[in-house]
Amino acid sequence: MAVKLTHTRDASSWRERVLAFSPGRFGSEQGESRLQKWAFLIPALFMILFFALPMALTVVWSVFERTRFWMQPGFTLLAYENFFNSARIDSFLHSMIHSAIAVVISFVMGFPIAVFVRRRIPTTAQHQVILLFLLPFMISELIRVFSLRPVLGRYGLVNAVLERFYMVGKALINWSYGGIWGQGEVLITAKFEPVSIILYTNVGVIIGEVLSFLPFMVFAGFLAMEAIQEYVFELCDDLGSGTLRTFFDIVVPLAAPGIFAGAVFIFVNGLGGALIPDILGGPGAVNAGLLVLGSITALDFPLAMAISAIMLATLVLLLYIGHRLFDLTKILEPIR
Amino acid sequence: MNERQFTRRLFLHSMAGVAAAAAVGRIPEAHAAEALRFWAPGIAKVGAKDFSAMEAQAGISIANTAKSARADEAIQKMVVGDGQKLFDALTDNGGGMEDALASQNTIVPLDTSKIPNWANILPFYRDGGSAAHTLRYQGKVYGIPYISNADSLAYNYDELGFHPDSWAYLFDSQFKGRVALQNDFGPTLTNTAIYLKQSGKQEIADPSNMTPSEVKGVCQFLIDMKKKGQFRTFWNGFSNGLSLFTSREVVMASCWEPIAIVATKKGVNVHYGTMKEGHQVWNNVVMLTKGGKRRGMEDAYYKLANVYLSPWFGARTLQTFGFAPQMEGVADYMAANPNDFDAATRQRLSELMTRKQARLAVKGNAWQNVYPKEYRAYTDWWARLQAA
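The rules we used
- Residues numbered from 1 in each chain as written.
- Chains lettered and ligands numbered in written order.
- Predicted model: local features only at pLDDT ≥ 70, side-chain atom pairs only at ≥ 80, totals over all residues.
- Heavy atoms only, no water.
- Core = buried A, V, L, I, M, F, W, Y, C linked by side-chain atoms within 4.5 Å.
- Buried < 20%, exposed > 50% of the residue type's maximum accessible area, 1.4 Å probe, protein only.
- Contact = heavy atoms within 4.5 Å.
- Helix = DSSP H or I, 4+ residues; strand = E, 2+ residues; numbered from the N terminus.
- Pairing = 2+ DSSP bridges.
- Salt bridge = Lys/Arg side-chain N within 4 Å of Asp/Glu carboxyl O.

## Concerning the nonpolar core
Right, so step 1: The biggest cluster of nonpolar side chains holds 116 residues, and the ones touching the most others in it are Met 54, Leu 189, Tyr 301 and Tyr 308 of chain B.
Right, so step 2: Apart from residues no more than four positions distant in its own chain, Tyr 308 of chain B is found in contact with Phe 38, Ala 44, Phe 51, Met 54, Pro 145, Tyr 146, Val 286, Phe 313 and Met 327 of chain B.
Right, so step 3: Core analysis: the next-biggest nonpolar cluster, separate from the first, contains 69 residues, Tyr 80 of chain A together with Leu 242, Leu 244 and Val 250 of chain B among them.

## Side note on the pairing of strand β11 (residues 280–288) of chain B
Sheet faces and side chains relate simply in a regular strand, where the side chains alternate between the two faces.
Residue and element names in this part refer to chain B.
Right, so step 1: Of all nine residues that make up β11, nine are buried, and the element is covered over most of its length.
Right, so step 2: Both faces of β11 are covered, namely the face carrying Gln 280, Trp 282, Asn 284, Val 286 and Leu 288 and the face carrying Val 281, Asn 283, Val 285 and Met 287.
Right, so step 3: Relative to β11, strand β3 (residues 89–91) is paired through three bridges, and the arrangement is antiparallel. The partner of Thr 91 across the bridge, within β11, is Val 286.
Right, so step 4: Direction of pairing for strand β6 (residues 144–156) relative to β11: antiparallel, over a ladder of seven bridges.

## Observations regarding the pattern of salt bridges
Right, so step 1: Under the definition given, this model contains 15 salt bridges over all chains.
Right, so step 2: Notably, a salt bridge pairs Asp 224 of chain B with Lys 228 of chain B, separated by 3.3 Å at the nearest N-O pair.
Right, so step 3: On the accessibility criterion, Asp 224 of chain B (37% relative accessible area) is partly exposed.
Right, so step 4: As a salt-bridge pair, Arg 316 of chain B and Asp 340 of chain B come within 3.0 Å of each other at their nearest N and O atoms. In this pair, Arg 316 of chain B sits in helix α14 (residues 311–321) while Asp 340 of chain B sits in the loop between α15 (330–336) and α16 (343–360), placing the two residues 24 residues apart along the sequence.
Right, so step 5: Of the residues examined, Arg 316 of chain B reaches a relative accessible area of 12% and is grouped as buried.
Right, so step 6: Residue Asp 340 of chain B is classed as partly exposed on the basis of its relative accessible area, which comes to 43%.
Right, so step 7: Taken together, the salt bridges that share partners define one network made up of Arg 88 of chain A together with Arg 376 and Asp 380 of chain B.

Listed below in structure tokens is the structure:
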């Protein structure tokens, strides 16, 4: 049977055109079903090639034997022993704690923003407002993180503002003490001492992580809020539930899967991203990402693979816990 | 099984599909390019923004690929990657790397008789000289030096009001929280070891090649300092190091000399001192790859190497980057070319050279060794310092 290809607008759908192109093979219901089957195999193949296989190779290579410049096939747990019996495990755990703190702060700051946008901004403008949070991502992460240095530094913007407040406060107190109470002397003579804890410290790393990853919580929170139907809020209002009670007893539990998804994004980025501790961290600050980088620099590839495998296991464990607690398959499912 | 065999097994057996796909698009080795394919950083060129001035001096064409400062990246590319196919010549990333590459048969020994300017090379590079080992592997020359320096302490004179002449100031509690170290265990542990050894605080035989117990002693000293809050941060990369001075975050740091030079140009009064205990001394060399020789690029390489040992290059690398020339006759060359080097420039460069020579002459200096024998001890103790 001859096939005639047309480019007319009434060629109804992509599927029909594909079927028309290959009538001998896919023209029947059976053929259509086969096409669908293959179409689904493409993403599966992609996932296997670019996700499952590299992850499997990471685990396999982590038990290979290290040579001077590379590694050779074998089975040894030396890399894991090297990780767990060294200070690297301490750095790994510390970076987990810092990332967890960044998650909590991002939730406290980001989720109310998501709720506000969902509840208070007109529906037609909500997505535009949310997209504004994408703007920082248009700038290189390196620039974004590096630009925090002149803000948080010893002579940076934050300290400049604090110094102004200090000077004004000092003048006011000294004026009150000397003038009003007639003591004739100044009470505060100390010079302003810049706050140094906000840069080149773990606090600096957490600030960097929150400012870099906050949009993840806003996006995830907003998507989770979209799944909550309007009548839920109306019902709360009708029943006289206050704002705080509605937030903590209704909104947070219903949006929990979305919040968890945002939290995982932030946690994983905080754990694995090498840039922030490198630029904002204190002496020798490292997280899991920098541990991997350091291992590669030292040409210890099995160790780098082992740390990556441990990160992978951590993520899988987190997702498992999240799934058991919140049923992650229902993240975007409308709540009825 | 060596690294090359493993690489083949890895990519031909385990990932046959990927290897096959890569093979389809691989660079045909038989077609030697006319230009010397040179893997080198920007500091390997002078006279122009690109390699054109170097090409004119050498009388060859150069196809440059920018190279990072990471030794591991270069080692991987040359030993287990496609570096042999891609590059005819390359620079190293510090002392000891040429040994590593030569031991893996990725670079070839050189015939110095084909380099006329070899006669100009600084005496300590010649056979039996104190730096002869930095160019040689098993007695054969594998690299031609093009820059060198002695890493020292940079300091903000306006903040300090004096010129420190000892590493002791870096660890002095009066500067607590206002000093920084380089985030690289090589120079940081070596310079600290030099300080501890020369000040009699620790017995260390060779600061460039410490035993595990010596590494432990040096790192425990730094861990103690870190816990007391002595260090503001460990800087990583040129921009990070520079910003510590331009933002006045620190008053002194162990760092690279170009950072001090650029910080001064940006209006901060940063000096680069000479430490009485000594410094980590390093050089960078240019090497000919085995693939480059096979492709017949040997002559082009020797022409380029000859430029690197010419006073023309030495005077310009000193002027442009502040790196020490690797040959004799630079002052005479500058005096003979007043159009390129006026009296004021000659005076400035002469003072710079004098300071460099003073640093290089310190008895306690130790040559850089990017792959010390007890490398594992270095990395493990560095991890402890990071976690402390």
